Amino acid sequence: MDADPRCPDCGVTMERVKIHTGDGLGLHVKTDEKRSGLLGSLGMKESRKVTPRACPECGLVRLYAEE
Ligand SMILES: [Zn+2]
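These lines cover the structure that appears in this document, whether it is placed above or below. Predicted model only: the values in this text are computed from it and were never measured.

### Topic: the overall build of the protein chain
When its secondary structure is counted, the protein chain shows one helix and four strands. When the elements of the protein chain are put in sequence order from the N terminus, they spell out β-β-α-β-β. Compactness check: the protein chain gives a C-alpha radius of gyration of 15 Å against a globular reference of 11 Å for 67 residues, more than 25% above the reference. Taken along its principal axes, the extent of the C-alpha atoms in the protein chain is 45 × 30 × 15 Å. A buried classification covers 18% of the 67 residues belonging to the protein chain. In the protein chain, of all internal contacts separated by at least 6 residues, the share reaching a separation of at least 24 is 40%.

### What about the side chain of Arg 53?
The residue Arg 53 is located in strand 3 (residues 45-54) in this model. One polar contact links Arg 53 to Asp 4, side chain to side chain, over a distance of 3.1 Å.

### Here we look at a nonpolar patch on the surface
A cluster of nonpolar residues, Leu 38, Leu 39, Leu 42 and Met 44, forms a patch on the protein surface that exposes about 410 Å² of accessible area. As for its placement among the helices and strands, Leu 39 is situated in helix 1 (residues 38-41).

### With respect to the coordination of the zinc ion
Cys 7 (SG), Cys 10 (SG), Cys 55 (SG) and Cys 58 (SG) make up the full set of protein donors to the zinc ion, lying at 2.3 to 2.4 Å. One way to put it: the four donor atoms around the zinc ion meet at angles of 105 to 113 degrees, and that makes the site tetrahedral. Positions of the donor residues of the zinc ion, expressed as sequence spacing, correspond to C-x2-C-x44-C-x2-C. With Cys 7 in the segment before strand 1 (15-16) and Cys 58 in the loop between strand 3 and strand 4 (61-65), this pair connects stretches of sequence that are 51 residues apart. The exposure class of Cys 7 is buried, given its relative accessible area of 2%. Judged by its relative accessible area of 42%, Cys 58 falls in the partly exposed class.

### Quick word on the pairing of strand 4
When strand 3 meets strand 4, the two strands line up antiparallel, connected through five bridges. Across the sheet, the residue bridging to Ala 54 is Val 61, located in strand 4. Connecting the antiparallel pair strand 3 and strand 4 is a turn made up of six residues, with Gly 59 showing a positive phi of about 85 degrees.

What counts and how
Here the residue numbers are simple positions, counted from 1 along each chain's written sequence. Local features in a predicted model are, by the rule used here, given only for residues with pLDDT of at least 70; side-chain atom pairs are given and counted only at 80 or more, and totals for whole chains, interfaces and linings are based on all residues. Based on all heavy atoms of the structure, the side-chain values leave hydrogens and waters out of the count. Secondary structure elements are taken from DSSP: a helix is a run of H or I of four residues or more, a strand is a run of E of two residues or more, and numbering for both begins at the N terminus. Each radius of gyration is computed over the set of C-alpha atoms, and the globule rule expresses the reference value as 2.2 Å times the number of residues to the power 0.38. Relative accessibility under 20% of the residue-type maximum defines a buried residue, over 50% an exposed one, and the middle range a partly exposed one, all with a 1.4 Å probe and only protein chains included. Two residues qualify as a contact provided that any one of their heavy atoms is within 4.5 Å of a heavy atom in the partner residue. Side-chain atoms alone can form a polar contact between residues adjacent in sequence; in general such a contact is a pair of N or O atoms within 3.5 Å, and within protein one must be able to donate a hydrogen while the other accepts it. For patches, a residue must show more than 30% relative accessible area and have no salt bridge; joins then use 9 Å for like charges and 5 Å for nonpolar side chains, namely Val, Leu, Ile, Met, Phe, Trp and Tyr. A 1.4 Å probe and the Shrake-Rupley method give the accessible areas. Residues count as covered only by the protein chains that appear here. By salt bridge we mean one thing: a side-chain nitrogen of Lys or Arg within 4 Å of a carboxyl oxygen of Asp or Glu. Nitrogen, oxygen and sulfur within 2.8 Å of a metal are treated as its donors, or within 3.2 Å for sodium, potassium and calcium (Na, K, Ca); water is not counted, so a site can appear incomplete. Angular criteria define each label, namely tetrahedral for four donors with all angles between 85 and 135 degrees, square planar for four and octahedral for six donors with opposite donors over 155 degrees apart and remaining angles between 65 and 115, and irregular for whatever fails these tests. Following DSSP output, two strands are said to pair if at least two bridges run between them.

Here it is in structure tokens:
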């Protein structure tokens, strides 16, 4: 991500926030890309961390998958 994302409604910079699940695990997205190496050969899919961002104006929350 080159620049901080902006809220599509307000046009202001969205701030990093934290979202916690009840079990304390971080959020991840599963992609269809196979993992490299042994895990990939076992059928494991790539997993990416997710960064939540919130608009300070309207409260919109978006989730961004990290590269
Ligand atoms: Zn907004």
